[in-house]
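# Descriptive analysis of the structure
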Amino acid sequence: MMYEQRTQVIANSKDRGMRRTRSMGTREDKSQQLDGVLDLSGMSLESLPTPSINLALISNLNLSNNNLQSIPESLTARLLNVLVLDVHSNQLTTLPNSIGCLSKLKILNVSGNLLQSLPATIENCRSLEELNANFNMLTKVVDTIGFELINLKKLSLNSNKLAFLPYSTSHLTNLCILDARLNCLRSLPDDLENLINLQVLNVSQNFQYLTTLPYSIGLLISLVELDISYNSISTLPDSMGCLKKLQKLSVEGNPLVSPPMDVVEQGLYSVKEYLCDKMNGAHKKPSRKKTWIGKLKKYGTFGGSPSRSRAQLLSVNHGDQVMERQGFIINHNTSGYSNIQAIASPRYLSMFSPKRLFSPKRYFTR
């Protein structure tokens, strides 16, 4: 009875408003802006009877804070011009498939319900700019949501049971705010650099599930606020040193190793500087170059006999005799061998010059 009385009052006000606008000679769309709000919130409704008014005239429908378990398909399909639909804090387990008919819908609030999934037809709401699905039981989101909802600016999915975000999330190029805290996220999508307008990213409180961040998180050129607190992240990507617009970073509650906690305690600027230096290789020890001269010296070719205490000496057993190999060259004029150390005179030093060792074969012939 209360619902019928309320809708009748709104219907009467619509008639009066339309008569008033006709007498004033104003445009028809002005009358819809004045009279297009239907507020049935907080009325303890368990179901929605068929209303007696023209639902096509409604631009803002508020059904929040009731006990609704479902929304009739026929009612939703008639909301052809609705811009805002608020059904938060009900007992909804599903949304009607006819929600895909709401081609003009800009704001959808379904938070505080019992939803386990969103209908696939939601991708037809291509004018949608804000989707609030917080405090539900969502285990997945439509995979193609990022390909179709190209105008989406705010996506709120906190306090659900999501293990992954849709891979198409990285195609939401107009997205400014992404809230996915208090879930069970194992990872974030790759190619986050496509989110060129993203300013706020909150993936905090996924606790033991989220252990790494993608390298592309450091390529979010518009990012101002990043909250990754209370996860199991041990290393921040070096690319985060490139986040020039970042003003707020929350990392508490993580077992961070890189950057170390003493750097984190110094503030955001120190963290960015550390990661930037690490990316540029400032924290790596330069490797020593090995030269051919060092190898020759190591084996005692020049500068005295080789050290007998080193492993370069090779022992070859011939019965009771032991011959220590140092280094020999074949002497073509005799049948024996000559020790290199013995002939390391100025006359033979040219044999071991870099020009002869690393030059074409013709330099060895005379």
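What you see is a predicted model, and the numbers here were worked out from it, not measured in a lab. (Residues numbered from 1 in each chain as written. Predicted model: local features only at pLDDT ≥ 70, side-chain atom pairs only at ≥ 80, totals over all residues. Heavy atoms only, no water.)

## Describing the overall build of the protein
Which entries qualify depends on this criterion: A helix here means a DSSP run of H or I that spans at least four residues, while a strand means a run of E at least two residues long, and both kinds are numbered starting from the N terminus. Throughout this description, buried means an accessible area under 20% of the type-specific maximum (1.4 Å probe, protein chains only), exposed means over 50%, and partly exposed covers the range between. Contacts are assigned to residue pairs with any non-hydrogen atoms lying within 4.5 Å of each other. Note that accessible areas follow from Shrake-Rupley with a 1.4 Å probe, and for residues the cover is restricted to the protein chains shown.
In terms of helices and strands, the protein carries nine helices and 14 strands. Evaluated residue by residue, the protein yields a buried proportion of 40% over its 366 residues. For the protein, long-range pairs separated by at least 24 residues make up 36% of all intrachain contacts whose partners lie at least 6 apart in sequence. Split by element, the accessible area of the protein, about 21300 Å² in all, is 52% carbon and sulfur.

## Details of the sheet that holds strand β7 (residues 177-179)
Put simply, the rule is: Note on pairing: two strands pair once DSSP finds at least 2 bridges between them. All axes are obtained by fitting lines to C-alpha atoms, using only the stretch in contact for helices, and the reported angles, taken between N-to-C directions, cover 0 to 180 degrees.
Taken in spatial order, the 10 strands line up as β1-β2-β3-β4-β5-β6-β7-β8-β9-β10 in an open sheet, and their pairing is parallel. Each edge of the open sheet carries a strand with a single partner, namely β1 (37-39) and β10 (248-250). Each adjacent strand pair in this sheet contributes to an overall mean axis angle of 5°, direction not counted. By the bridge criterion, three bridges tie strand β3 (residues 84-86) to strand β4 (residues 107-109) in an arrangement that is parallel. What sits directly across from Asp86, in β4, is Asn109.

## Let's talk about the side chain of Ser258
Inclusion rule: What qualifies as a polar contact is a pair of N or O atoms within 3.5 Å, subject to a donor-acceptor requirement within protein and to the restriction that residues adjacent in sequence count only when both atoms come from side chains.
Tracing the backbone shows Ser258 in the loop between β10 and α5 (261-264). A distance of 2.7 Å separates the side chain of Ser258 from the side chain of Lys278, its partner in a polar contact. Other than its neighbours up to four places away in sequence, Ser258 contacts Ser234, Thr235, Leu236, Tyr274 and Lys278.

## Examining unusual backbone geometry
Here the bond from Ser258 into Pro259 is cis, since omega is 0°, no more than 30 degrees from zero. On the secondary structure map, Pro259 appears in the loop between β10 and α5. Here Leu182, not a glycine, exhibits a phi torsion of approximately 55°, which is positive. Within the secondary structure, Leu182 is located in the loop between β7 and β8 (200-202). Backbone geometry places Tyr230, a non-glycine residue, at a positive phi of 55°. Structurally, the position occupied by Tyr230 is in the loop between β9 (225-227) and β10.

## Concerning helix α6 (residues 268-279)
Under the convention used in this document: An expected span of 1.5 Å times one less than the residue number is assigned to each helix.
Taking 1.5 Å per residue, 12 residues should reach 16 Å; α6 reaches 16 Å between its end C-alpha atoms and fits that length. Gly281 sits one or two residues past α6 and shows a positive phi near 85°.

## Digging into empty space enclosed by the protein
Where we set the bar: Only protein atoms enter the calculation, which uses a 1 Å grid: trapped sets of points that fit a 1.4 Å probe without letting it out are cavities, open sets showing protein on both sides within 12 Å along at least five of seven lines are pockets, and any residue with an atom within 4 Å of a point is a lining residue. Grid points are joined across faces, edges and corners, and a volume is the space filled by probe spheres set on the points. Under this grouping Gly is polar, as are all residues other than the nonpolar Ala, Val, Leu, Ile, Met, Phe, Trp, Tyr, Cys and Pro and the charged Asp, Glu, Lys and Arg.
Tallied over the full model, the rule gives four cavities of 30 Å³ or more. For the largest cavity, the lining is made up of 13 residues, of which Ile71, Thr76, Leu85, Pro96 and Ile99 are closest to its centre. A class-by-class count of the residues in the lining of the largest cavity yields 12 nonpolar, one polar and no charged.

## Thoughts on the packing of aromatic side chains
The criterion, for reference: Between the rings of Phe, Tyr and Trp (Trp by its six-membered ring), a pair exists once the centres lie within 6.5 Å; its type follows the angle of the planes, with under 30 degrees stacked, over 60 edge-to-face, and the other angles tilted.
Considering all chains together, one arrives at one aromatic pair under this definition. A ring pair is formed by Phe147 and Tyr167, whose centres lie 5.9 Å apart and whose planes are at 65°; its orientation type is edge-to-face. Of the two residues, Phe147 sits in helix α4 (residues 145-148) while Tyr167 sits in the loop between β6 (154-156) and β7, which places them 20 residues apart along the sequence.

## Structural notes on the environment of Asn254
Structurally, Asn254 is set in the loop between β10 and α5. Residues Asn254 and Ile228 lie 26 residues apart in sequence; the distance between their C-alpha atoms is 8.4 Å. If we skip the residues at most four places from it in the chain, Asn254 touches Ile228, Ser229, Tyr230, Asn231, Ser232 and Ile233. In this structure the side chain of Asn254 is engaged in a polar contact, spanning 3.1 Å, whose partner is the backbone nitrogen of Ile233.

## Topic: the side chain of Asn109
Mapping Asn109 onto the fold places it in strand β4. Among the polar contacts made by the side chain of Asn109, one reaches the side chain of Ser111 at a distance of 2.8 Å. Those residues in contact with Asn109 that sit more than four places away from it in its chain are Leu85, Asp86, Val87, His88 and Asn132.

## Examining the confidence of the model for the protein
The line we're drawing: Per residue, pLDDT measures the predictor's confidence, with a range of 0 to 100.
On average, residues of the protein score 80 in pLDDT, and 67% of them reach the 70 mark or higher. Confidence drops under pLDDT 50 across residues 1-34; counting only partners more than four residues distant or on other chains, this segment forms 26 contacts.

## Concerning the pattern of salt bridges
Applicable threshold: Salt bridges, as used here, are contacts in which a Lys or Arg side-chain nitrogen is within 4 Å of a carboxyl oxygen on Asp or Glu.
In this structure the tally under the stated criterion is four salt bridges. Here Arg181 makes a salt bridge to Asp179, at a shortest N to O gap of 3.1 Å. Relative accessible area serves as the criterion here: at 10%, Asp179 is assigned to the buried category. Between Lys278 and Asp238 there is a salt bridge; the shortest N-O distance is 3.8 Å. On the criterion of sequence distance, the pair formed by Lys278 in helix α6 and Asp238 in the loop between β9 and β10 is long-range, its members being 40 residues apart.

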